[in-house]
Amino acid sequence: MMDESIPLTAEDRAILDLEGPNVAGHMVKVIRVAEPGVTAGQLKQAVTARIGSAPELTRKLGGEPGAPCWVSDPDFDLDRHIAVLANGEEISGDDIRRATAALLEEKLDRALPLWRIDVAPMSDGGTALIWRIHHVMADGSTAMRLARQILWDRSEAGEGAVSERPGGGGGGTDVASHEDHERRRRHLLGLYQREFARSASTSPFDGDPGGARTVSFATVSLAELHDSAKSLAGATLNDAVLAVVAGALRRWMDLHDSVRAESLRVKVPVNLHHGDDGLANRDSYFSVPLPLGEPDPLQRLREITKATGERKEDHDAEELDQILRRVSGKSKRLGHLLSRVEASPRRFALSVSNVKGPRSRVTIQGAPVETIHSVVEIGHHHALRIAVLSVDDRLCFGFCADPDLVTDLEEMAAGAEGEAMLIASLARAGS
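A brief look at the structure comes next.

Parameters and conventions
- Residues numbered from 1 in each chain as written.
- Predicted model: local features only at pLDDT ≥ 70, side-chain atom pairs only at ≥ 80, totals over all residues.
- Heavy atoms only, no water.
- Pairing = 2+ DSSP bridges.
- Helix = DSSP H or I, 4+ residues; strand = E, 2+ residues; numbered from the N terminus.
- Core = buried A, V, L, I, M, F, W, Y, C linked by side-chain atoms within 4.5 Å.
- Buried < 20%, exposed > 50% of the residue type's maximum accessible area, 1.4 Å probe, protein only.
- Contact = heavy atoms within 4.5 Å.
- Polar contact = N/O pair within 3.5 Å; in protein donor to acceptor, adjacent residues only side chain to side chain.
- Axes fitted to C-alpha atoms, helices over the stretch in contact; angles between N-to-C directions.
- Parallel < 35°, antiparallel > 145°, perpendicular 65-115°, else oblique.
- Nonpolar A, V, L, I, M, F, W, Y, C, P; charged D, E, K, R; others polar.

1. A closer look at the pairing of strand 3 (residues 59-64)
In step 1: Summarising the sheet, strand 3 and strand 4 (residues 67-72) pair through six bridges and their orientation is antiparallel. Across the sheet, the residue bridging to Gly63 is Pro68, located in strand 4.
In step 2: Following strand 3, the chain reverses through two residues before pairing antiparallel with strand 4; Gly66 in that reversal takes a positive phi of roughly 90 degrees.

2. A look at the nonpolar core
In step 1: Counting residues in each nonpolar core, the largest one holds 50 residues, and the members touching the most others are Leu249, Leu350, Leu384 and Phe397.
In step 2: It is helix 7 (residues 237-254) that provides the largest number of residues to this core, a total of 12 residues.
In step 3: Setting aside residues up to four positions removed in sequence, Leu249 forms contacts with Phe205, Leu264, Leu290, Leu292, Leu350, Leu384 and Met412.
In step 4: Counting residues in hydrophobic clusters, the runner-up holds 46 residues, among them Val119, Val136, Trp152 and Val369.

3. Some points on the environment of Arg385
In step 1: Relative to the helices and strands, Arg385 is located in strand 14 (residues 384-391).
In step 2: Once you skip the residues sitting within four places of it in the chain, Arg385 turns out to touch Ser351, Val376, Glu377, Ile378, Gly398, Phe399 and Cys400.
In step 3: Side chain to side chain, Arg385 and Ser351 meet in a polar contact 3.4 Å long.

4. As for the packing of helix 8 (residues 297-313) against helix 11 (residues 409-430)
In step 1: Running from N to C, helix 8 and helix 11 point in directions that differ by 95 degrees, and their axes come no closer than 10 Å. One element, helix 8, and the other, helix 11, form an angle in the roughly perpendicular class. Where helix 8 abuts helix 11, its residues Pro297, Leu298 and Arg300 lie against Glu419, Leu422 and Leu426.
In step 2: Residue classes in the contact of helix 8 with helix 11 are distributed as four nonpolar, no polar and two charged.

5. Some remarks on the sheet that holds strand 13 (residues 367-376)
In step 1: Reading across from one edge, 5-6-7-2-13-12 is the order of the six strands in this open sheet, with mixed pairing throughout. This sheet does not close on itself; its edge strands, each paired only once, are strand 5 (82-84) and strand 12 (363-364).
In step 2: Where strand 5 meets strand 6 (residues 115-121), three bridges bridge the pair, whose relative direction is parallel. Counterpart to Ala83 in the pairing with strand 6 is Asp118.
In step 3: Sheet strands touched by helix 3 (residues 93-105): strand 2 (26-33), strand 6, strand 7 (127-134) and strand 13. Its angle to strand 2, the strand with the most contacts, is close to 155 degrees.

6. Side note on the sheet that holds strand 3
In step 1: Across the sheet, which stays open at both edges, the three strands sit in the order 1-4-3 with antiparallel pairing between neighbours. At either margin of the open sheet sits one strand with a lone partner, and together these are strand 1 (6-7) and strand 3.

7. Looking at helix 4 (residues 140-150)
In step 1: In terms of burial, helix 4 is largely enclosed, as 10 of its 11 residues are buried.
In step 2: For helix 4, the complete set of buried residues consists of Gly140, Ser141, Thr142, Ala143, Met144, Arg145, Leu146, Ala147, Arg148 and Ile150.
In step 3: Between a side-chain oxygen at the N-terminus of helix 4 and the backbone nitrogen of Ser141 the separation is 3.2 Å; the capping residue is Asp139.

In structure tokens, the structure reads:
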């Protein structure tokens, strides 16, 4: 007997609508597993025993046009979702990047539940699991919850913050004074100026993407970056990630004389999930200017820390979420207009997400997970996307771009590793 259909939320429908001829709607988690590795057969056996804890993975899209919903797949078969990559031959690290890019270019079959894991044996004796999952089914936080439910050998606590979440605001019962109203007015004015103002710089990533993709990876020490940024500027890990991205972009621009930007506004997704709320997508964002024209990496870190601190103190992400929901509730047409405005390349140049993965070492079928790189699809007028995901003491950067619009992506990834080492060296020199 089929389960009752589950309507998609307005947020999920908006995500589904972003998919087009040249834009696929899925993200990829590239999971490197050390020796002795894991086979597709072992993985299927393990997932079969645990799939009941993640029923959303057995649902597919259904419903009428304009009113999509989730329905159980009566013919659900794990053989359609877990398989050996290509011909099963061993692949190298460079092969993983090429395979991931190729899988990003393919759309998932909407007649099936929207996920698939391709298992690739590695030439070093380990295994790469290339897990595609449609964004309508899961955001970064939800994807990590699903991994905990079906992949990791043991449960891990503390997963899933898309970025360091702003603290919640408290409310009293006293009648608001005139000063309170004035403070609120100034706060909202600041929010609108920060989040809806047009960028002064033209985005170098503003282009209409074709169907080809290129990906690259970087890996740095989480503890070293966190401790270095904190000692240098009282910065959070998320501030440090943005500083690393700023440095990487500055280095990348040095390779391209035609690309210049003194400042580049980035969109920083913020997790609004409350525990395991069962929602596929629940986040907001704030925008931060990256000071690319500043040559001093320490000053870049300080400026970013100051900017994010203002947005967190004023709860920009939560306020913006409430505003957009109120507007959409009163007028769908106005809600769509605001959505188009906030997606404009004049609003932000690229999105940089930072998701917490397992806080300690996890294993799959007894084999240690070494890295988890997240690769998120680009969008219209946004030809570059950067996603960061942590596992144990590693911070994994995933870069995705249209190769015809953004070249030398490997150099950008190498720049991220170099920038993280530079921040660490500055901290050591100052200690």
